[in-house]
2 protein chains.
Amino acid sequence: MPSQTDLAGPTEPRIVISVDAMGGDRGPSAVVAGIAQSAAKNPDIRFILHGPQDQLERLVARRKSLADRCEIRHADGVVTMGEKPSHVMRHGKGTSMWSAIESVREGEATVCVSCGNTGALMALSMVRLRKLPGVNRPAIACLWPSRNSGGFNVMLDVGADIRADEQDLLQFALMGASYARNGLGLKQPRIGLLNVGTEEHKGRAELKVAHDLIAAAAPTSDFEFVGFVEGGDIPSARVDVIVTDGFTGNVALKTAEGTAKLISELLRAAFKFSPLSRIAAVLAYTSLRRLSKRIDPRRVNGGIFLGLNGTVIKSHGSADATGVSAAIKLAFQLAQTGFAERLAARVASASGPRQDEALNEAESERKE
Amino acid sequence: MPSQTDLAGPTEPRIVISVDAMGGDRGPSAVVAGIAQSAAKNPDIRFILHGPQDQLERLVARRKSLADRCEIRHADGVVTMGEKPSHVMRHGKGTSMWSAIESVREGEATVCVSCGNTGALMALSMVRLRKLPGVNRPAIACLWPSRNSGGFNVMLDVGADIRADEQDLLQFALMGASYARNGLGLKQPRIGLLNVGTEEHKGRAELKVAHDLIAAAAPTSDFEFVGFVEGGDIPSARVDVIVTDGFTGNVALKTAEGTAKLISELLRAAFKFSPLSRIAAVLAYTSLRRLSKRIDPRRVNGGIFLGLNGTVIKSHGSADATGVSAAIKLAFQLAQTGFAERLAARVASASGPRQDEALNEAESERKE
């Protein structure tokens, strides 16, 4: 079945990204600036932009790089940050977010990008795109600054749901591995399961079962299972993908962001402390900028929803043009590799007889 | 009932701390150096030191500040870092760790300090000291660098157990508040309950019930309840004590430590990058040292076990003399305020009829 992601040649149909222009903290001008940046760098990309027609037309008209490459799809409504997902699910029709997801549903675009309300985006994506066959709980995966040569690890779930049983954790491992292959270009990603210790007897019951399930699935699923990892291993080079439930993942993500923010505040204060340290700050400027770019949350931008019929990327609510452009770049890369189809195939093959086998093996091993 | 913690006057019985000399990564010499530091600063402190008599006698003899202030209690065995808690519980008699806890059990010392295996220390403390009446699950509380004027918040449970129900979370709130009053000197500590969002409808079922239970207990328990907090709020100035289950708390703690370590590595690399940045590092030396002292894990040393008949402080396994001395300082402060008795009184009063009332109120409110 040919799709927009089949690049038959350099002059073939370009990749189309569906973009929700509204709902971010900085409004549609930041979003349009971001897609214009991406368009200027990448000739193979096109956009469908969702939001109020008049306003978007004015913003797009000012960007040369977007000429003839950005179709505007009118939508009056905006999903705000404070709205409850359940409310948006019932009343969200007519919003730019709904419309942006619809373009992926209809097959006009390969990936949807939004800076809006995460819970609402997940709820609408679930309702409109539906879960992949074989997936019980979709997950949000994020990129985590790490010591690996690529600079990032993948962590999931960071907040799609507040729980996950052993089967969900196995699916997270499969989906995370697929994302690492297609999004980070790793052939044989190393998967770790987050726990409070690395010894096999530690942790909750469902983690012990998940440990055995993932270990059993590894040989046939092109990933390596490194076993349990701890919070301190999330940025380590001994693992590429960290699997956990959405409650723990969300707390860990926000704790890490909070820690980084505290340290950078203390660092700034330290550099202001004395005349000497102020001079030092000037001398170290370039190096410190390189560091802050490395751990810049805008570049770690783009949580991705895994487990749906279609790919949805959640950009930070506060994303500026650079942040939006980073999310678009990820969207393009995933569209180009045919990620959605590959992920679906992975999950389907694993949830067939092979997974049952793995489960049976794991269970009989436990009983031994 | 008079006890060693009643300081009737400056010449009254000194406070006795029971110290496990063995089991830390740096061996007994670091522990002896640490207690010698504390003894030199604080004339009101005495020690019972547990471990191999000959070895300890030699180490103590070299320290003038310990003359006549340190009794050695011989113990042959050592609990190693890799030993399973269940094994230590059955076979731990005769180890320095067991002996150190025994001194608190017998009332010879007020607080026990150990750098050894956390799980084993918790298991032995549970078995030998037993849980306080009214406490179902003891917890480990740690100090977390924060924006508060004191420099630290309290977080619990960071790993005594892997789960906590709503009643446990209420007890953690009461115990955490008591620790903040006696350990940090806060009259009316502000308690937050860790969740994935601050809205009341978010999170797991037991968290919603715990939210109502803690809110109902606040008016009669000398703390303020600020409601749900997120991972990013752990170091914030809007809260003093963060309550969570031991799985989430342990992951958050290790994630924060891992993040701080990654940033400090990147920072060090940034300062080595160019000749200019190397000069900058020299100029900024004093300010950066001040910062690294602020977030130094040795100073955040001392997880404390709450909910037992007696106080046990777990020092970092890698603690050096400075780290041990910091844990001793905390032990002294808690002994001096009569912390163990106050905590017991708090928990007892809250687990009586008053708590049942709070529970009933909370439940009837939920049903409305």
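In this convention, every chain numbers its residues from 1, walking through the sequence in written order. Throughout, the order in which chains and ligands are written sets their labels, letters from A for the former and numbers from 1 for the latter. Only residues with pLDDT of 70 or above have their local features reported here, since the model is predicted, and side-chain atom pairs are shown and tallied only from 80 upward, although totals for entire chains, interfaces and linings are computed over all residues.

Visitor: It is not clear to me how the overall build of chain A should be interpreted in this structure. Could you clarify?
Guide: Strands here mean DSSP runs of E at least two residues long; helices mean DSSP runs of H or I at least four residues long; both are numbered from the N terminus. Looking only at helices and strands, one finds 13 helices and 11 strands in chain A. With C-beta atoms placed from the backbone, a residue is buried if 20 or more other C-beta atoms are within 10 Å of its own, exposed if 12 or fewer are, and partly exposed between those counts. Each of the 368 residues in chain A was classed as buried or not, and the buried ones make up 54%. Residues are treated as contacting if the C-beta atoms built from their backbones sit within 7 Å of each other. For chain A, long-range pairs separated by at least 24 residues make up 72% of all intrachain contacts whose partners lie at least 6 apart in sequence.

Visitor: I'm lost on the confidence of the model for chain A in this one. Help?
Guide: Note that predicted coordinates carrying low pLDDT should not be read in detail. Residue and element names in this part refer to chain A. With 85% of its residues at a pLDDT of 70 or more, chain A has an overall mean of 86. Each residue carries a pLDDT value, the predictor's own confidence for that position, ranging from 0 to 100. Here helix α13 (residues 353-367) stands out as the element of chain A with the lowest mean pLDDT, 49, in contrast to strand β9 (residues 241-243), whose mean of 98 is the highest. For residues 1-11, every residue scores under 50 in pLDDT, and the model assigns this stretch 11 contacts once sequence neighbours within four places are set aside. Taken together, the chains of this predicted complex give a pTM of 0.84 and an interface ipTM of 0.83.

Visitor: Teacher, can you tell me more about the environment of B:Ala141 here?
Guide: All names here are of chain B. Here Ala-141 lies in strand β5 (residues 139-145). Classification of Ala-141 as buried rests on a count of 28 C-beta atoms within 10 Å. Not counting residues within four places of it along the chain, the set of residues in contact with Ala-141 comprises Val-154, Met-155, Leu-156, Gly-176, Tyr-179, Gly-303, Ile-304 and Leu-306.

Visitor: Teacher, can you tell me more about the nonpolar core here?
Guide: Considering soluble globular proteins, one finds that nonpolar side chains tend to be buried as a cluster. The nonpolar core is taken to be a set of buried Ala, Val, Leu, Ile, Met, Phe, Trp, Tyr and Cys residues joined by way of C-beta atoms within 7 Å. Grouped together as the largest cluster of nonpolar side chains are 227 residues, with contacts concentrated most on A:Ile17, A:Ile35, A:Ala331, B:Ile17, B:Ile35 and B:Ala331. Leave out the neighbours within four places in its chain, and A:Ala331 touches A:Ile17, A:Val111, A:Val113 and A:Ile313.

Visitor: Would you explain helix α11 (residues 321-336) of chain A in this entry?
Guide: An α-helix turns once per 3.6 residues; consequently, residues spaced three or four apart project the same way. Residue and element names in this part refer to chain A. Under the 1.5 Å per step criterion, the end-to-end length of α11 is 22 Å for 16 residues, consistent within 8% with the ideal 22 Å. Buried within α11 are the following residues: Gly-323, Val-324, Ser-325, Ala-326, Ala-327, Ile-328, Leu-330, Ala-331, Phe-332, Leu-334 and Ala-335. Following α11 by one or two positions, Gly-338 adopts a phi angle in the positive range, close to 65°. What a helix should span is 1.5 Å times the count of its residues minus one.

Visitor: Sorry, what's going on with the pairing of strand β6 (residues 152-156) of chain A here?
Guide: Taken residue by residue, a regular strand's side chains alternate between the two faces of the sheet. Residues and elements named next belong to chain A. By the criterion of burial, β6 is predominantly enclosed, with 4 of the 5 residues buried. Note on pairing: DSSP must find at least two bridges between two strands before they are called paired. The loop that links strand β5 (residues 139-145) with its antiparallel partner β6 comprises 6 residues; one of these, Gly-151, has a positive phi angle of about 90°. The pairing of β6 with β9 spans 3 bridges and is parallel. Among the inter-strand pairings, Val-154 is bridged to a residue of β9, identified as Val-241.

Visitor: Would you mind showing me how to read helix α4 (residues 96-105) of chain A here?
Guide: Residue and element names in this part refer to chain A. In terms of burial, α4 is a largely internal element, 9 of the 10 residues being buried. Residues Ser-96, Met-97, Trp-98, Ser-99, Ala-100, Ile-101, Glu-102, Ser-103 and Val-104 constitute the buried set of α4. Packed against the buried residues of α4 are β1 (15-20), β2 (45-51), β3 (70-74), β4 (111-114), α5 (118-129) and β11 (311-314). In the stretch just after α4, Gly-107 is the one whose phi turns positive, near 80°.

Visitor: Mind showing me how you'd approach unusual backbone geometry here?
Guide: Leaving glycine aside, a negative phi is the common case for residues, and trans is the common case for peptide bonds. That bond from A:Leu156 to A:Asp157 is cis: its omega, -5°, falls within 30 degrees of zero. In this structure, A:Asp157 sits in the loop between β6 and α6 (166-183). Phi is positive for A:Asp68, close to 65°, though the residue is something other than glycine. For A:Asp68, the position within the fold is in the loop between α2 (53-61) and β3. Classification of A:Asp68 as exposed rests on a count of 6 C-beta atoms within 10 Å. A positive phi angle, close to 55°, is found at B:Asp222, a residue other than glycine.

Visitor: Looking at this model, I keep getting lost on the domain arrangement of chain A. Mind explaining?
Guide: Much of the literature gives interface size as the accessible area that the parts lose upon coming together. All names here are of chain A. Taken as a whole, chain A is organised into domain 1 (1-135 + 307-337) and domain 2 (136-300 + 339-368). Residue assignment for the side of domain 1 that touches domain 2 shows that the elements contributing at least two residues are α5, β11 and α11. The element contributing the most residues to the side of domain 1 that touches domain 2 is α11, with 6 residues. For this scheme, ten residues count as nonpolar: Ala, Val, Leu, Ile, Met, Phe, Trp, Tyr, Cys and Pro. Four count as charged, namely Asp, Glu, Lys and Arg, and the remainder, Gly too, count as polar. Split into classes, the residues belonging to the side of domain 1 that touches domain 2 amount to 10 nonpolar, 10 polar and 3 charged. What fixes the domain bounds is an automatic or database domain assignment.

Visitor: What's the story with the sheet that holds strand β2 (residues 45-51) of chain B in this structure? I'm lost.
Guide: Two orientations exist for strands paired in a sheet by backbone hydrogen bonds: parallel and antiparallel. Residues and elements named next belong to chain B. Read across the open sheet, the 11 strands follow the order β3-β2-β1-β4-β11-β10-β5-β6-β9-β7-β8; overall the sheet is mixed. What marks the edges here is a single partner per strand, and that holds for β3 (70-74) and β8 (224-229). On average, adjacent strands in this sheet sit at an angle of 25° to one another, irrespective of strand direction. Judged from the 4 bridges that link them, strand β1 (residues 15-20) and strand β4 (residues 111-114) form a sheet pairing that is parallel. Bridging from a neighbouring strand, Ser-18 pairs with Cys-112 of β4. With respect to the sheet, helix α6 (residues 166-183) is in contact with β5, β6 (152-156), β7 (190-194), β9 (241-243) and β10 (303-306), its orientation differing from that of β9 by roughly 160°. Note on geometry: axes are lines fitted to C-alpha atoms, helical ones only across the stretch in contact, with angles between N-to-C directions running from 0 to 180 degrees. Against the sheet, helix α7 (residues 205-217) touches β7 and β8, its axis set at about 170° to β7.

Visitor: What is the right way to read the packing of helix α1 (residues 27-41) of chain A against α2(A) from this model?
Guide: For any two helices packed against each other, the geometry is given by the interaxial angle and the distance between the axes. Residue and element names in this part refer to chain A. Interaxial distance between α1 and α2 falls to 10 Å at its minimum, and their mutual angle equals 40°. By the angle between their directions, the pair α1 and α2 is classed as oblique. Between α1 and α2 lies a crossing whose hand is right-handed. Contact with α1, carried on its side by Pro-28, Ser-29 and Val-32, involves Gln-55, Leu-56, Leu-59 and Val-60 of α2 and no other residues of that element. Of the residues belonging to the contact of α1 with α2, the class tally is 5 nonpolar, 2 polar and no charged. Should an angle fall under 35 degrees it is called roughly parallel, over 145 degrees roughly antiparallel, and 65 to 115 degrees roughly perpendicular, with every other angle called oblique. Handedness of each helix crossing follows the sense of rotation of the near helix against the far helix: counterclockwise by less than a right angle gives left-handed, clockwise gives right-handed.

Visitor: I tried to follow the sheet that holds β2(A) on my own but got confused; where do I start?
Guide: All names here are of chain A. Strand order across the open sheet formed by 11 strands is β3-β2-β1-β4-β11-β10-β5-β6-β9-β7-β8, with mixed pairing between neighbours. With one partner strand each, in any of the chains shown, β3 and β8 (224-229) form the two edges of the open sheet. Between one strand axis and the next, the sheet turns by 25° as a mean value, whatever way the strands run. Pairing geometry for strand β10 (residues 303-306) and β11, over 3 bridges, is antiparallel. What sits directly across from Ile-304, in β11, is Ile-313.

Visitor: Which parts of the structure should I look at to understand the packing of helix α8 (residues 246-272) of chain A against helix α8 (residues 246-272) of chain B?
Guide: Look at α8(A) against α8(B): their axes get within 9 Å of each other, and the N-to-C directions meet at 35°. The chirality of how α8(A) crosses α8(B) is right-handed. Here A:Thr248, A:Val251, A:Ala252, A:Thr255, A:Ala256, A:Thr259, A:Ala260 and A:Ile263 of α8(A) come into contact with α8(B), specifically with B:Thr248, B:Val251, B:Ala252, B:Thr255, B:Ala256, B:Thr259, B:Ala260 and B:Ile263. Partitioned by chemical class, the residues of the contact of α8(A) with α8(B) number 10 nonpolar, 6 polar and no charged.

Visitor: Honestly, the environment of A:Phe305 in this entry has me stumped. Any pointers?
Guide: Following the sequence through the fold, A:Phe305 ends up in strand β10. Non-local contacts of A:Phe305, meaning those with residues more than four positions away in its chain, are made with A:Met122, A:Ser125, A:Pro138, A:Ile140, A:Ala160, A:Val312 and A:Lys314.

Visitor: Would you mind showing me how to read the environment of A:Val127 here?
Guide: In this structure, A:Val127 sits in helix α5. Here the alpha-carbon distance between A:Val127 and A:Ala216, two residues 89 residues apart in the chain, equals 32 Å.

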